Structure formats: structure tokens, C-alpha cells
Amino acid sequence: MVEQSFALFETAIGTCGVVWRARGIVGVQLPETDAAATRARVRQRYPKAGEAPPPQDVKRAIDGIVALLGGEKRDLTDIAIDDSELPDFNRRVYAIVRKIPPGATITYGEIAERLGDKTLSREVGQAMGENPTPIIMPCHRVLAAGGKTGGFSASGGVVTKLRLLTIEGAQPGGPTLLDSLPLAARRRGA
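Rules and cut-offs
- Here the residue index of a chain counts from 1 through its sequence in written order.
- Residues qualify for local features only when their pLDDT is at least 70, as the model is predicted, and side-chain atom pairs are given and counted only at 80 or more; totals for whole chains, interfaces and linings, by contrast, use all residues.
- Only hydrogens and water are set aside; all other atoms, that is, all heavy atoms of the structure, feed into the side-chain values.
- Each reported salt bridge corresponds to a side-chain nitrogen of Lys or Arg within 4 Å of a carboxyl oxygen of Asp or Glu.
- Summary of the burial criterion: residues with accessible area below 20% of their type's maximum are buried, those above 50% are exposed, and those between are partly exposed, where the area comes from a 1.4 Å probe applied to protein chains only.
- Nonpolar cores are built from buried Ala, Val, Leu, Ile, Met, Phe, Trp, Tyr and Cys residues. Side-chain atoms within 4.5 Å join them into one set.
- Helix and strand definitions follow DSSP, with helices as H or I runs of at least four residues and strands as E runs of at least two, each counted in order from the N terminus.
- Residue contacts follow a heavy-atom distance rule, with two residues in contact if any of their heavy atoms lie within 4.5 Å.
- Values of pLDDT, which run from 0 to 100, indicate the predictor's confidence residue by residue.
- DSSP calls a pair of strands paired once it identifies at least 2 bridges connecting them.
- To define axes, lines are fitted to C-alpha atoms, for helices over the stretch in contact only, and angles between the resulting N-to-C directions are given on a 0 to 180 degree scale.
- The arc in question is the one spanned by the directions pointing from the helix axis to the C-beta atoms.
- Each angle receives one of four descriptions, namely roughly parallel if under 35 degrees, roughly antiparallel if over 145, roughly perpendicular if within 65 to 115, and oblique otherwise.
- Three classes are used: nonpolar for Ala, Val, Leu, Ile, Met, Phe, Trp, Tyr, Cys and Pro, charged for Asp, Glu, Lys and Arg, and polar for all others, with Gly counted as polar.

Examining the pattern of salt bridges
Any two side chains of opposite charge can pair, on the condition that their charged atoms come close. Scanning all chains against the criterion turns up eight salt bridges. Between Arg-41 and Glu-32 there is a salt bridge; the shortest N-O distance is 3.9 Å. In this structure, Glu-51 engages Arg-43 in a salt bridge whose closest nitrogen and oxygen atoms are separated by 3.6 Å. In this structure Arg-43 comes out as partly exposed when scored by relative accessible area, which is 43%. A single salt-bridge network, built from bridges that share partners, covers Arg-21, Asp-82 and Glu-85.

Observations concerning the nonpolar core
The biggest cluster of nonpolar side chains holds 39 residues, and the ones touching the most others in it are Ile-25, Val-93 and Ile-111. Among the elements of the structure, strand E1 (5-11), strand E2 (14-21), strand E3 (24-29), helix H2 (56-69), helix H3 (88-97), helix H4 (108-114), helix H5 (121-129) and helix H6 (157-168) are those that each provide at least two residues to this core. The element contributing the most residues to this core is H2, with six residues. With residues near it in sequence (within four places) discarded, Ile-25 still touches Val-18, Val-19, Trp-20, Val-58, Ala-61, Ile-79, Ala-80, Ile-81, Asp-82, Thr-133 and Ile-136.

Some remarks on the confidence of the model for the protein
Averaged over all residues, the pLDDT of the protein equals 87, while 86% of them reach at least 70. When pLDDT is averaged over each element of the protein, E1 comes out on top at 97 and H6 at the bottom at 81.

Side note on the sheet that holds E3
The strand order E3-E2-E1-E4 describes an open sheet built from four strands, whose pairing is mixed. Either end of the sheet is taken by a strand with one partner, and the two such strands are E3 and strand E4 (50-51). When E2 meets E3, the two strands line up antiparallel, connected through five bridges. Bridging across to E3, Val-18 finds its partner in Val-28. Here helix H1 (residues 35-45) sits on the sheet and contacts E1, E2, E3 and E4; the angle it forms with E1, its principal contact strand, is near 150 degrees. Sheet strands touched by H2: E1, E2 and E3. Its angle to E1, the strand with the most contacts, is close to 30 degrees.

So, H5
Along H5, the residues that are buried comprise Val-124, Ala-127 and Met-128. Taken down its axis, H5 places every buried residue within 100 degrees of arc, on the same side.

With respect to the pairing of E1
Counting buried positions over the seven residues of E1 gives six, a clear majority of the element. Pairing analysis gives seven bridges linking E1 to E2, with the strands arranged antiparallel. Opposite Phe-6, over in E2, you have Val-19 as the bridge partner. Here E1 folds back onto E2 in antiparallel fashion, the turn holding two residues. Here E1 pairs with E4 via two bridges, running parallel.

A short note on the side chain of Ser-5
Of note, Ser-5 is situated in strand E1. Judged by its relative accessible area of 13%, Ser-5 is buried. With near-sequence residues (within four places) excluded, Ser-5 lies in contact with Val-18, Val-19, Trp-20, Ala-49, Gly-50 and Ala-52.

Some remarks on unusual backbone geometry
Most peptide bonds are trans, and most residues other than glycine sit at a negative phi. In this model, Ile-135 sits at a positive phi of 80 degrees, which is unusual for a non-glycine residue. Position of Ile-135 relative to the elements: it lies in the loop between H5 and strand E6 (142-143). Residue class for Ile-135 comes out buried when judged on its relative accessible area of 2%.

Brief notes about the pairing of E3
Judged by how many residues are buried, E3 sits mostly within the fold: six of six residues are covered. Hairpin remark: E2 followed by E3, antiparallel, with two residues in the connecting loop.

Quick notes on the packing of H3 against H5
Two elements in contact, H3 and H5, have axes whose closest approach is 10 Å; the angle formed by their N-to-C orientations is 85 degrees. For the element pair H3 / H5, the angle class is roughly perpendicular. In this structure, H3 contributes Phe-89, Asn-90, Val-93, Tyr-94 and Val-97 to the contact, and H5 contributes Glu-123, Val-124, Ala-127 and Met-128. Per-class residue counts for the contact of H3 with H5 are seven nonpolar, one polar and one charged.

Written out as C-alpha cells, the structure reads:
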């Protein structure tokens, strides 16, 4: 029996992947250049995972991710994540991040303060960069000081982060007179 399984699925931004074990989701792969590249990346990150049809709870997770990436506001906190093999520090950071509601943001420094040491901001940022379950573990809701976007290591980088925040109605730095506009300007001809 395969301990880990994965499935690919189509979204508005491309082919994504999800990896699971009996206890929950262990990985989400945002789109690479095409489905073959996404599959290859999943296999690289999770070499023991076999491709399989997703069980019902994983299908619900996929449906939530597809809806969110398609522009629907979704709260994915009810999706089970198996973080049992992650470092303790990362699990503590993710426990805080998982509680950030859609439309809200928090800074690396605020997470560090909640951990009891405001000097841990860089370590919090590193944990965000190592997040194996983006979208479900909403690292896109974590910003740098002063409402700056900070990084986003998933495919598409900060543009993807801004798109997710826009979908959720978040306003880094607070509301403005133009708060109904998207966070990122659209390209001409798009």
C-alpha cells in the first residue's frame, strides 16, 4: 500500500497537484509551466507518492482550491493537514497562520511576537517559504512590515500572492479611497 498519494487537477491558473496521507494533505503544488511539469515537480518533492484518484475528503480540498483560484472567496480551514513530519518551529508558525481568516493579513513580525520572540521574523519568513501546503495553509496572508507584500515562493511569485489577496478582499496597508480596485494593475491587452 502506498503511504502517500497524489492527484493533479485543473484550476483557473493552471494544473495543480495535491499530495495526501491517511491523516490529511501533506503537499499542494501550484502550477508549473504545464501538467507534465507539475507532475514532475510533485514526484520530485514526494518521490514515494503514487498517482491515485483522490478520496472524498481530498476531493473537497481540491474543490475548495479550484474555487478560490477561480475567484470565489473560500475558507479552507476545515481541510485536514498532516504536518507530523514538519519541524516543530514550522508547525507552531503554521498553527498561527492557519487561523488568519480570508480577507485578513498579518506580518512576519506579528507572528514572531505571538511566538514570544519578536526577533524571529526572519525564521517565520523562512517557514513561510517552506510551506508545503500553500493555499490551504494561507502563507499568502503573511506580509512584510508596513504592509509590503514580502515574498511568495510559489509559481508566479508575488503576482500570485496579490491575486489571492485580491480574491479574498484583503487590503495590505489598509483600505484606500480606491479599495475596489485589484491589488495589481492588469497588463495592457490582457
